[in-house]
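As a plain string of letters, each chain reads:
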Amino acid sequence: VQLQASGGGLVQPGGSLRLACAASGGTFSRYVMGWFRQAPGKEREFVAAISWSGGSTYYADSVKGRFTISRDNAKNTVYLQMNSLKPEDTAVYYCAAKPEFRQLLRPPQYDYWGQGTLVTVSS
C-alpha cells in the first residue's frame, strides 16, 4: 500500500486545515488508518486513528475535541480536519496503515507510512 499525504501549510493560531492521505496499491477498506505527527527534536506521536468502516475513532488527548479523523473508502482517502490550531500543533504529519484496530499508539505497529506533510501554526 502506498500512502500520499497532502494539505499541510502555514496557518495562524485558531485557524483550520484539512489533511488528506490517498492510498493506492491495496484494498483500502481492509486497513485501519492513523495519523501521527513529529515536531522538531521530538519523537513521533500518535494523533488519531479510524477503523476500517469509519465506525470507530480514537484520539490523543492533546487533539480531542479539535481534530476529526474521517475516511472515504470509495475515494481511498483518509482525512484529518484540524480546527482551533495551536502553535504546539506544528509538526510534520504522517498517515499510516495497519490491519487491526488495536495497539494504535505505537508507530512500529503500523505497516505502511506516507511521506509526511508539514503543518506550521504561527502568526
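So, how was this worked out
Residues numbered from 1 in each chain as written. Predicted model: local features only at pLDDT ≥ 70, side-chain atom pairs only at ≥ 80, totals over all residues. Heavy atoms only, no water. Disulfide = S-S within 2.5 Å. Helix = DSSP H or I, 4+ residues; strand = E, 2+ residues; numbered from the N terminus. Phe/Tyr/Trp six-rings, centres within 6.5 Å; stacked < 30°, edge-to-face > 60°. Lys NZ or Arg CZ within 6 Å of the ring centre and 35° of its normal. Pairing = 2+ DSSP bridges. Axes fitted to C-alpha atoms, helices over the stretch in contact; angles between N-to-C directions.

Draft legend 1. Inspection of the state of the cysteines at higher detail. Counted under the stated rule, the structure contains one disulfide. Residue pairing for Cys21: its cysteine sulfur links by disulfide to Cys95, the two sulfurs lying 2.1 Å apart. Where Cys21 bonds to Cys95 through sulfur, the torsion about that S-S bond is close to 65°, and the disulfide is right-handed. You can see Cys21 sitting in strand E3 (residues 17–24) and its partner Cys95 sitting in strand E9 (residues 91–98), a full 74 residues away along the chain.

Draft legend 2. Focus on the packing of aromatic side chains. If you walk through the whole model with that rule in mind, you get seven aromatic pairs. Ring pairing ties together the aromatic residues Phe36, Phe46, Tyr58, Tyr94, Tyr110 and Trp113, which thus form one cluster. Taking the ring centre of Tyr94 as reference, the NZ or CZ of Arg44 above it sits at 3.7 Å. If you follow Arg44 out to its NZ or CZ, it ends over the ring of Trp113, 4.9 Å from the centre.

Draft legend 3. Focus on the environment of Pro108. Structurally, Pro108 can be placed in the loop between E9 and strand E10 (112–113). For the pair Pro108 and Gly54, spaced 54 residues apart in the sequence, the C-alpha separation amounts to 22 Å.

Draft legend 4. Spatial organisation of the sheet that holds E3. Ordered in space as E1-E3-E8-E7, the four strands form an open sheet in which the pairing is antiparallel. Among the strands making up the open sheet, the edge pair consists of strand E1 (2–6) and strand E7 (67–72). Each strand axis lies, on average, 15° off the axis of its neighbour in the sheet, ignoring direction. Bridging between E1 and E3 involves five bridges; their strand directions are antiparallel. Pairing of Gln2 across the sheet is with Ser24, part of E3.

What is shown is where atoms sit, not what they do.
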